[in-house]
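Examination of the molecular architecture
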Amino acid sequence: WAVHAPYIAAIRELKARHNAVILAHNYQTPEIFHGVADLTGDSLGLAQQAVQTEADIIVLCGVHFMAETAKLLNPHKTVLIPDADAGCSLASSITAADVQAMRQRYPGVPVVTYVNTSAAVKAESDICCTSANAVAVVESLGVDRVMFIPDQYLSHYVSTQTDVEVIPWAGACEVHERFTGDELRMYREDHDGIYILAHPECPQDVLAEADFVGSTAGMVRHLGEKRPSHVVMVTECSMSDNVAVEFPEIAFVRPCNLCPHMKRITLPKILRALETRQHEVTVDEAVAVRARQAVERMLAVGR
Ligand code: 13P
Ligand code: SF4
């Protein structure tokens, strides 16, 4: 922490001076998550908190689609992302033209879009969802069939939790698709009684081995209720690092995969963002109006 302390102090000072708030995703490194963030959470939690903030500037420590969602919900605020190249393999797997083509193929079938997408894709959608409310969002539509884009694994998971038919897209999270069922079975053999939590972006053979499947915030809440003695969180690496601080009595076995996009955000870049007001996130108003509607419909469904 000694190496982080000067950055943390400078960031805190600038935040107060400019009435800025730092929203950090659960995958941010501990020095960001515990050192400078004002609000933390999963994608849904960040969107919900973005609506409520009274700050003039939002610094989104996460990936680009999260900053774009915050901007959609706060069109008159300045939203900054410390590294404009913090992308997401799911967001880059589909374009607005792809969604239009899908609609032609399945006329009248509503499009449910995971928030891990660009604003342009959201604008072509009926409603958004996150991993925390995907099933509730699908069921809220009262239809027999939906298109669910772009995560093939999340859409498969949703299809196991509802009677609604789910038409997928072939996108995947480059971090979660690397886990395997064999790997999880090995953790069970090596650590007697281990409790396994997995993110629904993982392939189905991984989810079949897990004791609990949920969003990043869902995992934290579940740990608080269940209090297992030793666990493995099958997700991005910073997750266990951050959660271990909250639950010192739980032993965390820490196999994990790094998200290179999340890791682009660092303390020096956050400081630079506050000093220079870069990189400002903007969304074309014609796109924003339609994308905002899809996000607001999701927020109305809740968690
Ligand atoms: P959560 O919404 O569960 O935090 O997930 C976001 C994400 O990018 C997972 O890879
Ligand atoms: Fe995207 Fe996967 Fe990284 Fe989440 S972990 S931001 S879904 S690439």
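Residues numbered from 1 in each chain as written. Chains lettered and ligands numbered in written order. Predicted model: local features only at pLDDT ≥ 70, side-chain atom pairs only at ≥ 80, totals over all residues.

Describing the site of ligand 1
Quick reminder of the rule: Using a C-beta atom placed from the backbone, a residue is described as near a molecule or strand when that atom lies within 6 Å of it. Here the term charged refers only to Asp, Glu, Lys and Arg, the term nonpolar to Ala, Val, Leu, Ile, Met, Phe, Trp, Tyr, Cys and Pro, and the term polar to all other amino acids, Gly among them.
Every residue near ligand 1 is listed here: Asn 26, Asp 42, Ser 43, Asn 116, Thr 130, Ser 131, Cys 173, His 199, Glu 201, Ser 215 and Thr 216. Taken together, the residues that form the shell around ligand 1 break down as one nonpolar, eight polar and two charged.

Brief notes about the site of ligand 2
Put simply, the rule reads: In this document the domain limits rely on a domain assignment from an automatic tool or a database.
Close to ligand 2 lie 14 residues; Val 63, Cys 88, Cys 173, Val 175 and Cys 259 are nearest. Partitioned by chemical class, the residues of the shell around ligand 2 number seven nonpolar, four polar and three charged. Residues lining the shell around ligand 2 come from more than one domain, with at least three contributed by each of domain 2 (91-174 + 285-301) and domain 3 (176-253).

Observations regarding the domain arrangement of the chain
Where the parts come together, the accessible area they lose is often given as the size of the interface. Rules: Placing a C-beta atom from the backbone of each residue, one calls two residues in contact when those atoms lie within 7 Å. Going along the chain from the N terminus, every DSSP run of H or I of four or more residues is numbered as a helix, and every run of E of two or more is numbered as a strand.
Along its sequence, the chain is carved into domain 1 (5-86 + 262-276), domain 2 (91-174 + 285-301) and domain 3 (176-253). Inter-centroid distance (C-alpha atoms) of domain 1 to domain 2 is 26 Å. Each partner contributes residues to the interface: domain 1 has eleven residues there, and domain 2 has 14 residues. Residue assignment for the side of domain 1 that touches domain 2 shows that the elements contributing at least two residues are α3 (43-52) and α4 (64-73). The dominant element in the side of domain 1 that touches domain 2, judged by the number of residues it contributes, is α4, at five residues. The class makeup of the residues in the side of domain 1 that touches domain 2 is six nonpolar, three polar and two charged.

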